[in-house]
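Breakdown of the fold
These are the residues of each chain, in order.
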Amino acid sequence: MAKKTGEKYQAIIDAAVRVIARQGYHSAQVSKIAKEAKVADGTIYLYFENKDDILISLFNEKMGTFIETCRGRIAEAESVEQKLYALVHTHLSQLAQDPELAKVTQIELRQSNPEISEGIGAVMKQYFNLIDDVIREGMEKGVFRPDIDVRVARKMIFGTLDEVTTSWVMKQCKYDLVSHVDPIHNLFLYGMKGK
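In this report, we go over the structure that sits alongside the text. (Residues numbered from 1 in each chain as written. Predicted model: local features only at pLDDT ≥ 70, side-chain atom pairs only at ≥ 80, totals over all residues. Heavy atoms only, no water.)

**Considerations on the overall build of the chain**
The secondary structure content of the chain amounts to nine helices and zero strands. Helices (α) and strands (β) of the chain occur, in sequence order from the N terminus, as α-α-α-α-α-α-α-α-α. If you line up the chain on its principal axes, its C-alpha atoms span 60 × 35 × 30 Å. Relative to its full complement of 195 residues, the chain shows a buried share of 47%. Nonlocal contacts in the chain, meaning residues at least 24 apart in sequence, comprise 74% of its contacts between residues at least 6 apart. Here the chain displays about 10,200 Å² of accessible surface, and carbon together with sulfur accounts for 52% of that area. Seen as two clouds, the 26 positive and the 27 negative side-chain charges of the chain have centres 2 Å apart. (Helix = DSSP H or I, 4+ residues; strand = E, 2+ residues; numbered from the N terminus. Buried < 20%, exposed > 50% of the residue type's maximum accessible area, 1.4 Å probe, protein only. Contact = heavy atoms within 4.5 Å. Areas by Shrake-Rupley, 256 points an atom, 1.4 Å probe, with all protein chains shown as cover. Lys, Arg positive; Asp, Glu negative; His and termini not counted. Charge placed at Lys NZ, Arg CZ, Asp CG, Glu CD.)

Shown next, in the form of structure tokens:
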């Protein structure tokens with residue numbers, strides 16, 4: 001199997017996002033992805049074992065970039081409040097810029113089989129760790145209450161961002177997703193702040 005890099009690999013990943021977003025994962029045939037990527041059907045099998053492998057690779061690639069962008073923006077922020085804002089803003093703005101990817105991650109990925117869930121688990125753990133780090137830093141610096149259960153707070157933060165994005169996708173991305181950043185940030189901040 002070819003190394004998972006290069007122009008053709010990237011073209012297949014990007015084509016898969018478009019095809020899956022338009023047709024749904026179950027209707028997205030490998031031949032349609034190949035045609036969209038402008039490669040021969042057989043070329044896909046040089047890079048991927050099957051359609052599940054395409055979806056796992058697509059998610060890991062795109063989410064890996066997503067996490068690196070989040071990590072970079074959080075690192076640039078000086079205060080815990082700004083780090084929390086950077087997390088919320090980066091999450092929503094990145095998906096707002098790519099509605100097709102948002103549709104794949106919010107809808108199609110959820111309807112997949114257990115192998116796919118397992119295949120994306122390591123990348124999701126990286127994102128959860130990033131959220132945990134912001135929460136822990138907030139607790140250590142006295143910005144957030146010291147008695148917060150980090151796992152519950154992370155589920156609250158990720159769950160809210162995830163649900164807001166899913167609702168936006170279900171409404172055909174017809175409104176400004178980024179307009180939710182300030183109200184969500186304030187909700188998290190004042191819900192976790194110490195007295």
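**Section: the layout of surface pockets**
One way to see where empty space is left: roll a probe the size of a water molecule over the atoms. Considering only enclosed or pocket space, the largest pocket measures out at about 300 Å³ in volume. Taken together, 18 residues line the largest pocket, and the ones lying closest to its centre are F59, T105, L109, R110 and M124. Of all elements in the fold, only α4 (51–76), α5 (80–96), α6 (99–108), α7 (114–140) and α8 (150–170) reach the threshold of two or more residues within the lining of the largest pocket. Here the lining of the largest pocket is composed, by residue class, of ten nonpolar, five polar and three charged. (1 Å grid on protein atoms, 1.4 Å probe; cavity = no way out; pocket = protein on both sides within 12 Å on 5 of 7 lines; lining within 4 Å. Points joined across faces, edges and corners; volume = space filled by probe spheres on them. Nonpolar A, V, L, I, M, F, W, Y, C, P; charged D, E, K, R; others polar.)

**A short note on the packing of α6 against α8**
Interhelical geometry of α6 versus α8 gives an angle of 115 degrees and a closest axis separation of 9 Å. The chirality of how α6 crosses α8 is left-handed. Seen from α6, the contacting residues are P99, A102, K103, Q106 and I107; seen from α8, they are D162, T165, T166, W168, V169 and M170. A breakdown of the residues in the contact of α6 with α8 according to their chemical character gives six nonpolar, three polar and two charged. (Axes fitted to C-alpha atoms, helices over the stretch in contact; angles between N-to-C directions. Left-handed = near helix turned anticlockwise from the far one by under 90°.)

**With respect to α7**
With 27 residues, α7 extends 37 Å from end C-alpha to end C-alpha; this agrees with the ideal 39 Å at 1.5 Å per step. Of all the bends in α7, the greatest, near 45 degrees, is centred on G121. (Expected span 1.5 Å × (residues − 1). Bend = angle between axes of the 7 residues up to and from the residue.)

**A closer look at the side chain of K83**
By secondary structure assignment, the location of K83 is in helix α5. Judged by relative accessible area, K83 falls into the buried class, the value being 15%. Dropping the residues within four chain positions of it, K83 is found in contact with I74, A77, E78, V134 and E137.

**Section: the packing of aromatic side chains**
In this structure the tally under the stated criterion is six aromatic pairs. Seen from their ring centres, F66 and Y127 are 5.5 Å apart, and the 75 degrees between their planes marks the pair as edge-to-face. Remark: Y127 occurs in helix α7 and F66 occurs in helix α4; sequence separation between them is 61 residues. Residue F66 is classed as buried on the basis of its relative accessible area, which comes to 6%. Taking the relative accessible area as the measure of exposure, Y127 reaches 0% and is therefore buried. Within the aromatic cluster, the residues linked to one another by ring pairs are F66, Y127, F128 and F158. Sitting above the plane of the Y25 ring, K51 keeps its charged end 4.5 Å from the centroid. (Phe/Tyr/Trp six-rings, centres within 6.5 Å; stacked < 30°, edge-to-face > 60°. Lys NZ or Arg CZ within 6 Å of the ring centre and 35° of its normal.)

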